[in-house]
Amino acid sequence: MIFHRDQVVNKWLIAETLYPEIDEPQRALHNVYNLVYRLKKTLAEYDLSISVQTINNGYSLHLDDACACDYHDWLDAKDKPFPQTDLATRLYVDKDYTWY
């Protein structure tokens, strides 16, 4: 959700991404609900300036100004070491899992 800054990420996309081995879609969706519940609870417990919002059929994660994200800083930078179009081919290329 951090990757999709302040955008709604569909709950089914999260379920497919995090739980591809689960054959029952409802069970995977239940895991997503549980994950989001625990995430919200942990963020509140540590009083972090991050909020998770439930919007329609998905979730959106918002970082307040007090919370920095290197990826967002890079996106916002005017001078980048390489074009944004090269992002997918340069980051995480040595990983054996898919990044969205």
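Details of the structure are given in the entry above.
Residues numbered from 1 in each chain as written. Predicted model: local features only at pLDDT ≥ 70, side-chain atom pairs only at ≥ 80, totals over all residues. Heavy atoms only, no water.

### Considerations on the pairing of strand S2 (residues 50-55)
Pairing between S2 and strand S3 (residues 58-63): six bridges, direction antiparallel. For Ile50, the partnering residue across the bridge sits in S3 and is Leu63. In this structure, the hairpin formed by S2 and S3 is closed by a connection of two residues, where Asn56 is found at a positive phi of approximately 50°. (Pairing = 2+ DSSP bridges. Helix = DSSP H or I, 4+ residues; strand = E, 2+ residues; numbered from the N terminus.)

### Some points on the side chain of Ser60
Examined against the element boundaries, Ser60 turns out to sit in strand S3. What makes Ser60 buried here is its relative accessible area of 4%. When near neighbours in sequence (up to four residues on either side) are disregarded, Ser60 contacts Met1, Asp6, Gln7, Val8, Ser51, Val52, Gln53 and Ile55. (Buried < 20%, exposed > 50% of the residue type's maximum accessible area, 1.4 Å probe, protein only. Contact = heavy atoms within 4.5 Å.)

### Things to note about the packing of helix H1 (residues 11-18) against helix H2 (residues 25-45)
Interhelical geometry of H1 versus H2 gives an angle of 100° and a closest axis separation of 9 Å. When the interaxial angle is binned, H1 and H2 end up roughly perpendicular. Residues Lys11, Trp12, Ile14, Ala15 and Leu18 of H1 lie in contact with H2, whose contacting residues are Pro25, Gln26, Ala28, Leu29, Val32, Tyr33 and Leu35. Split into classes, the residues belonging to the contact of H1 with H2 amount to ten nonpolar, one polar and one charged. (Axes fitted to C-alpha atoms, helices over the stretch in contact; angles between N-to-C directions. Parallel < 35°, antiparallel > 145°, perpendicular 65-115°, else oblique. Nonpolar A, V, L, I, M, F, W, Y, C, P; charged D, E, K, R; others polar.)

### Considerations on the sheet that holds strand S1 (residues 9-10)
Spatial ordering of the open sheet is given by S1-S3-S2, a layout of three strands whose pairing is antiparallel. Each having just a single partner strand, S1 and S2 make up the two edges of the open sheet. Where S1 meets S3, two bridges bridge the pair, whose relative direction is antiparallel. Bridged to Val9 within S3 is Tyr59.

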